[in-house]
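Now for the letters of each chain:
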Amino acid sequence: MEAKQIISTIGDKRWLTIREAGFYSGIGIKRLKTLAQEGKIKGCPDPDDGRGSWIFDRASIDAYREGQMLAPTIREKALAIMRGVRL
């Protein structure tokens, strides 16, 4: 499936296939599964698919990515400590 086809299949879907989720998020397939197993995003083997394909909740992927942007970096934490500011 080409990128344009993947984009057109995503649309407003809440639950994405692993391939769609990877394309949508820019996160690799193995990492998506790991994040789901760690409870950082919602994802599981598709109960309606007998092949063990995974599905992922689009909103939880968005929340995970937003959290990454809002989280202070190690450098920001170190500078805050040096300034006596608590993050």
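The structure under discussion appears in the preceding block.
Attention in this report is confined to the structure presented alongside it.

Conventions used here
Residues numbered from 1 in each chain as written. Predicted model: local features only at pLDDT ≥ 70, side-chain atom pairs only at ≥ 80, totals over all residues. Heavy atoms only, no water. Phe/Tyr/Trp six-rings, centres within 6.5 Å; stacked < 30°, edge-to-face > 60°. Buried < 20%, exposed > 50% of the residue type's maximum accessible area, 1.4 Å probe, protein only. Salt bridge = Lys/Arg side-chain N within 4 Å of Asp/Glu carboxyl O. Pairing = 2+ DSSP bridges. Helix = DSSP H or I, 4+ residues; strand = E, 2+ residues; numbered from the N terminus. Axes fitted to C-alpha atoms, helices over the stretch in contact; angles between N-to-C directions. Contact = heavy atoms within 4.5 Å. Expected span 1.5 Å × (residues − 1). Arc of directions from axis to C-beta.

### With respect to the packing of aromatic side chains
Thinking step 1. The tally for this structure, following the rule as stated, stands at one aromatic pair.
Thinking step 2. An angle of 20° between the planes, with centres 5.9 Å apart, marks the rings of Trp-54 and Phe-56 as stacked. A single burial state applies to Trp-54 and to Phe-56, both of which are buried.

### Side note on the pattern of salt bridges
Thinking step 1. Overall, the coordinates contain four salt bridges when judged by the stated rule.
Thinking step 2. Between Lys-40 and Glu-38 there is a salt bridge whose closest N-O contact spans 3.4 Å.
Thinking step 3. Judged by relative accessible area, Lys-40 falls into the partly exposed class, the value being 47%.
Thinking step 4. For Glu-38, a relative accessible area of 45% puts it in the partly exposed group.
Thinking step 5. The shortest N-O distance in the salt bridge between Asp-49 and Arg-51 comes to 3.1 Å.
Thinking step 6. According to the relative accessible area criterion, Asp-49 is buried, its value standing at 19%.
Thinking step 7. For Arg-51, a relative accessible area of 72% corresponds to the exposed category.

### Describing the sheet that holds strand β3 (residues 54-57)
Thinking step 1. Pairing is antiparallel in the open sheet, where three strands are placed in the order β1-β3-β2. If you trace the sheet from one side to the other, it starts and ends with β1 (15-17) and β2 (43-45), each paired once. Here the strands of the sheet are splayed against their neighbours by 30° on average, with no regard to which way each runs.
Thinking step 2. By the bridge criterion, three bridges tie β1 to β3 in an arrangement that is antiparallel. The partner of Leu-16 across the bridge, within β3, is Phe-56.
Thinking step 3. Of the strands in this sheet, β1 and β3 touch helix α2 (residues 18-25), which is tilted by about 100° from β1.
Thinking step 4. Along the sheet, helix α4 (residues 58-70) makes contact with β1 and β3, crossing β3 at roughly 60°.

### A short note on α4
Think of an α-helix as turning once every 3.6 residues; residues three or four places apart then point the same way.
Thinking step 1. For α4, which comprises 13 residues, the first-to-last C-alpha distance of 19 Å matches the rise-based estimate of 18 Å (1.5 Å per residue) to within 8%.
Thinking step 2. Those residues of α4 that fall on the buried side of the exposure criterion are Arg-58, Ser-60, Ile-61 and Tyr-64. On an axial view of α4, the arc spanned by its buried residues comes to 170°, and they lie on one face. Across α4 from its buried face, at more than 90 degrees, point the exposed residues Met-69 and Leu-70.

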